[in-house]
Amino acid sequence: MSEALLHLDGISKVFPVAGGKSVKAVDRVSFEVEENRICVLLGPSGCGKSTVLRMIAGLEDPSDGAVTLHGKPVVGPARDRGMVFQAYTSFDWLSVRRNVEFGMKVNGVPRTERRARAAHFIELVGLTKFADAYPSQLSGGMRQRVAIARTLANGPELLLMDEPFGALDAETRWHMQEMMIDIAWQENTTMVIVTHDIEEAIFLADKIIFLSSHPGRLKEVIVPEFKHGNRINDKEHIVQLPGYAEMEQKIMRLMREEGARE
Amino acid sequence: MPTPHQERHFFEIRKPVSRPQAILSAIGIWAVFFGVWSLAAHSGWVNALLVPPPEQVFSTTWDFFAERGFASDVLISITRVLVSFAMACAVAIPLGVMMGTFPSVEAIFNPFIGAWRYLPAPSFIPILLMWFGTGEAPKLALLFIGVVFFLITLIMDHTKNVRKELIETALTLGASRRVTVTQVVLPAVLPDIFTAMRQMLAMAWTYLVIAEIVASTTGIGAMMMRARRFLKTDEILSGIIVIGALGLTFDLLFGLLHRWLFPYRKETR
């Protein structure tokens, strides 16, 4: 197993609510993410999985505990942790190419290098034909690909994705999931992906962090052993593997237990 | 068996009208307007001195430009609107964007601007005349006061509507706060700023006429007040037509500019 890149050490998040009270969204969650691995945060709604991701991104400060990347504590958002959101975040006033170049531009990457990297990542997500199009001319799935290419082109250590395919229709979602597996392979990307979709979690994950709800606590770390460490970029293939159905049932049971607690 | 069709009524709820029907309806309503006006003026129902027939008003309007150098008055009015409006935008755009982006800045200015917004600008005319005399300054000041506070508030609200994810995307890509404001927040809100400007420019024309009627010897409004003294109703109505036409022209120009500057907005689904 490769060395851990990201450590979450007992992080909690308390949000103030109306009437001077506060609510604990995340409670002492600890786990680590190894380099070049895909880690999926899974759990029922209200388990604080998005809040955990936002704390990794530096968009929220933990109330307690610490997030460390390469042993250095994370303070605020930065280039080393790129984030893809569920909502479309393409900059409508920029072409696809300029969207993908945005991060590199603000970080002072020279123009020629910027162009080349942008072209590579646009190709990687299959949008070469649309490089000069504006986001409003693209479908939802294509816009998410722009967001993925833009984040990867910026060269982050860690790709964070918050239900990135949640707004897409089922067929587009498969294609995107298969694409992410290919990208992880080709680009040696470390990813943390938040989802509530069990199938998506099993398909993408090298490791699943299952969180319980109200407050969000680490319930179980699930490693899909049935893949034998392989990544399978074919949805039809993976569902036929021995062990897939058992894992799906196991996670469904966990989900149901959590739902019943409410 | 022929396909059965639903009978189409004139009052169809929220069903778009065809293009011919739209054009016919638009022409129709104007034809009725001019028809009633013309009939009233010619038939002697109303005092012809107070309501001159439309053709007289149009020929007077033509005459104004062709014979009597009215263009210089019009030019003065346009200049007043544009200069004061430019000053208002120069203040309102940076301030509105700052207030919409930084709650700390909003906390300073919003209690102040919120109060000024509800003071009717014309109530400042007497004091503006005392401060600035009778030159261009009091007119420009009135237009500025009338427009700037609303414009700031509108731009602030539009800036607040810039989606949080866009800002957070920029920050996680490593953009500084300054770059995030200038390269993400500002371009994201710019089309809406233009819409706000378009709305407020119409208001600037309203204040222009007030300023020129109350306190000016030049401009379209002043011409109309002179005409009143000599019972020239056709000239007054010409003035109204010219102001209307100018307002409409500027609105159309803004619309064109919007489409030219923000082509990506057209295709938004």
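Residues numbered from 1 in each chain as written. Chains lettered and ligands numbered in written order. Predicted model: local features only at pLDDT ≥ 70, side-chain atom pairs only at ≥ 80, totals over all residues. Heavy atoms only, no water.

A. Examining the sheet that holds strand 1 (residues 4–16) of chain A more closely. Residue and element names in this part refer to chain A. Pairing in this open sheet of four strands is antiparallel, and the strands run 2-1-4-5 from one edge to the other. The open sheet terminates on both sides in strands that have one partner only, identified here as strand 2 (22–34) and strand 5 (72–73). The pairing of strand 4 (residues 64–69) with strand 5 spans two bridges and is antiparallel. Residue Leu69 lies in a different strand from strand 5, and its bridge partner there is Lys72. Its contacts with the sheet place helix 1 (residues 49–57) against strand 1, strand 2 and strand 4, and it is angled at close to 120° to strand 1. (Pairing = 2+ DSSP bridges. Helix = DSSP H or I, 4+ residues; strand = E, 2+ residues; numbered from the N terminus. Contact = heavy atoms within 4.5 Å. Axes fitted to C-alpha atoms, helices over the stretch in contact; angles between N-to-C directions.)

B. Region of the structure containing the domain arrangement of chain A. Residue and element names in this part refer to chain A. What the domain assignment reports for chain A is domain 1 (4–80 + 158–261) and domain 2 (91–155). Relative placement of domain 1 and domain 2: their C-alpha centres are 25 Å apart. Taken residue by residue, the interface counts 14 residues in domain 1 and 14 residues in domain 2. Here domain 1 is connected to domain 2 by zero salt bridges. Here domain 1 and domain 2 share three residue pairs in polar contact (both at pLDDT 80 or more) between them. Listing elements by their share of the side of domain 1 that touches domain 2, those giving two or more residues are strand 7 (158–162) and helix 5 (170–187). Ranked by the residues each element gives to the side of domain 1 that touches domain 2, the list is headed by helix 5, at seven residues. Looking at the side of domain 1 that touches domain 2, its residues break down into nine nonpolar, three polar and two charged. (Domains from an automatic or database assignment. Salt bridge = Lys/Arg side-chain N within 4 Å of Asp/Glu carboxyl O. Polar contact = N/O pair within 3.5 Å; in protein donor to acceptor, adjacent residues only side chain to side chain. Nonpolar A, V, L, I, M, F, W, Y, C, P; charged D, E, K, R; others polar.)

C. Just the nonpolar core, in detail. The biggest cluster of nonpolar side chains holds 66 residues, and the ones touching the most others in it are Phe85, Leu151, Leu201, Trp205 and Ile220 of chain B. Of all the elements in the fold, those that place two or more residues in this core are helix 3 (70–101), helix 4 (103–116), helix 5 (125–132), helix 6 (137–160), helix 7 (164–172), helix 8 (177–215), helix 9 (220–229) and helix 10 (233–261) of chain B. Considering every element that reaches this core, the biggest residue donor is helix 8 of chain B, with 18 residues. In this structure, Val109, Val146, Phe165 and Ala184 of chain A belong to the second largest nonpolar core, which totals 53 residues. (Core = buried A, V, L, I, M, F, W, Y, C linked by side-chain atoms within 4.5 Å. Buried < 20%, exposed > 50% of the residue type's maximum accessible area, 1.4 Å probe, protein only.)

D. Quick peek at the pattern of salt bridges. This structure, assessed with the given rule, holds 24 salt bridges over all chains. For Lys24 of chain A, the salt bridge identified is with Asp27 of chain A, shortest N-O distance 3.3 Å. Each member of the salt-bridge network shares a partner with another, and the members are Lys13, Arg54 and Glu60 of chain A together with Glu168 of chain B.

E. Structural detail: the confidence of the model for chain B. Taken as a whole, chain B shows an average pLDDT of 91; of its residues, 99% reach a score of 70 or greater. Per-element confidence in chain B is highest for helix 7 of chain B, whose mean pLDDT is 96, and lowest for helix 9 of chain B, whose mean pLDDT is 89. (pLDDT = per-residue confidence, 0-100.)

F. Quick look at the environment of Leu143 of chain B. All names here are of chain B. You can see Leu143 is positioned in helix 6. Remark: the alpha-carbon pair of Leu143 and Ile210, spanning 67 residues in sequence, is separated by 9.4 Å. In this view, Leu143 contacts Arg80, Val81, Ser84, Ala204, Tyr207, Leu208 and Ala211; residues no more than four positions away in its chain are not counted.

G. Expanded view of the interface of chain B and chain A. The interface of chain B with chain A comprises 21 residues on the first partner and 29 residues on the second. Taken together, the two surfaces of chain B and chain A that pack against each other cover about 2,100 Å², and 63% of this comes from carbon and sulfur. For the chain B face of the interface with chain A, the top three residues by lost area are Thr172, Leu173 and Tyr264 of chain B, together amounting to 34%. Among the salt bridges present, the one from Glu168 of chain B reaches Arg54 of chain A, with a minimum N-O distance of 2.7 Å. Where chain B packs against chain A, one counts five residue pairs in polar contact (both at pLDDT 80 or more). Mapped onto the side of chain B that touches chain A, the elements with two or more residues apiece are helix 7 and helix 8 of chain B. (Buried area = accessible area lost by both parts, 1.4 Å probe.)

H. Helix 1 (residues 19–43) of chain B, seen in detail. Residues and elements named next belong to chain B. In a regular helix each residue adds 1.5 Å, so 25 residues correspond to 36 Å; helix 1 covers 35 Å between its end C-alpha atoms and thus fits that length. For helix 1, the set of buried residues is Trp37, Ala40 and Ala41. Tucked into the core, helix 1 has its buried residues touching helix 2 (54–67) and helix 10. Directly beyond the C-terminal end of helix 1, a positive phi value near 80° is found at Gly44. (Expected span 1.5 Å × (residues − 1).)

I. Geometry of the packing of helix 8 of chain B against helix 10 of chain B. Residue and element names in this part refer to chain B. Orientation of helix 8 relative to helix 10, taken along the N-to-C sense of each, is 170°, at an axis distance of 10 Å. Between helix 8 and helix 10, the interaxial angle falls into the category roughly antiparallel. For the pair helix 8 and helix 10, the contacting residues are Pro191, Phe194, Thr195, Met197, Arg198, Leu201, Trp205 and Val209 in the first and Ile243, Leu246, Gly247, Phe250, Asp251, Phe254, Gly255, Leu257, His258 and Leu261 in the second. Classifying every residue of the contact of helix 8 with helix 10 by side-chain character gives twelve nonpolar, four polar and two charged. (Parallel < 35°, antiparallel > 145°, perpendicular 65-115°, else oblique.)

J. Highlighting the packing of aromatic side chains. Under the definition given, this model contains 20 aromatic pairs over all chains. Note on Tyr134 of chain A and Tyr264 of chain B: the rings are 6.1 Å apart at their centroids and 25° apart in plane angle, and the pair reads as stacked. Taken together, the positions of Tyr134 of chain A in the loop between helix 3 (111–124) and helix 4 (140–153) and Tyr264 of chain B in the segment after helix 10 put the pair across two chains. An aromatic cluster is defined as three or more aromatic residues linked by ring pairs; in this entry it consists of Tyr134 of chain A together with Phe194, Phe254, Phe262 and Tyr264 of chain B. (Phe/Tyr/Trp six-rings, centres within 6.5 Å; stacked < 30°, edge-to-face > 60°.)

K. Just the state of the cysteines, in detail. Going through the model one piece at a time under the given rule, you end up with zero disulfides over all chains. Free cysteine Cys47 of chain A: the closest other cysteine sulfur is in Cys39 of chain A, separated by 13 Å. (Disulfide = S-S within 2.5 Å.)

L. How the structure looks around the domain arrangement of chain B. If you check the domain split of chain B, you get domain 1 (19–51) and domain 2 (59–265). Computed from C-alpha atoms alone, the centre-to-centre distance between domain 1 of chain B and domain 2 of chain B is 32 Å.

M. Highlighting the side chain of Lys49 of chain A. Residue and element names in this part refer to chain A. The topology assignment puts Lys49 in helix 1. With no salt bridge to any partner, buried Lys49 finds its closest opposite charge in Glu163, at an N-O distance of 4.0 Å. Sequence-distant contacts of Lys49, defined by excluding residues within four places in its chain, comprise Leu41, Leu42, Gly43, Pro44, Glu163, Val194, Thr195, His196 and Leu211. (Lys, Arg positive; Asp, Glu negative; His and termini not counted.)

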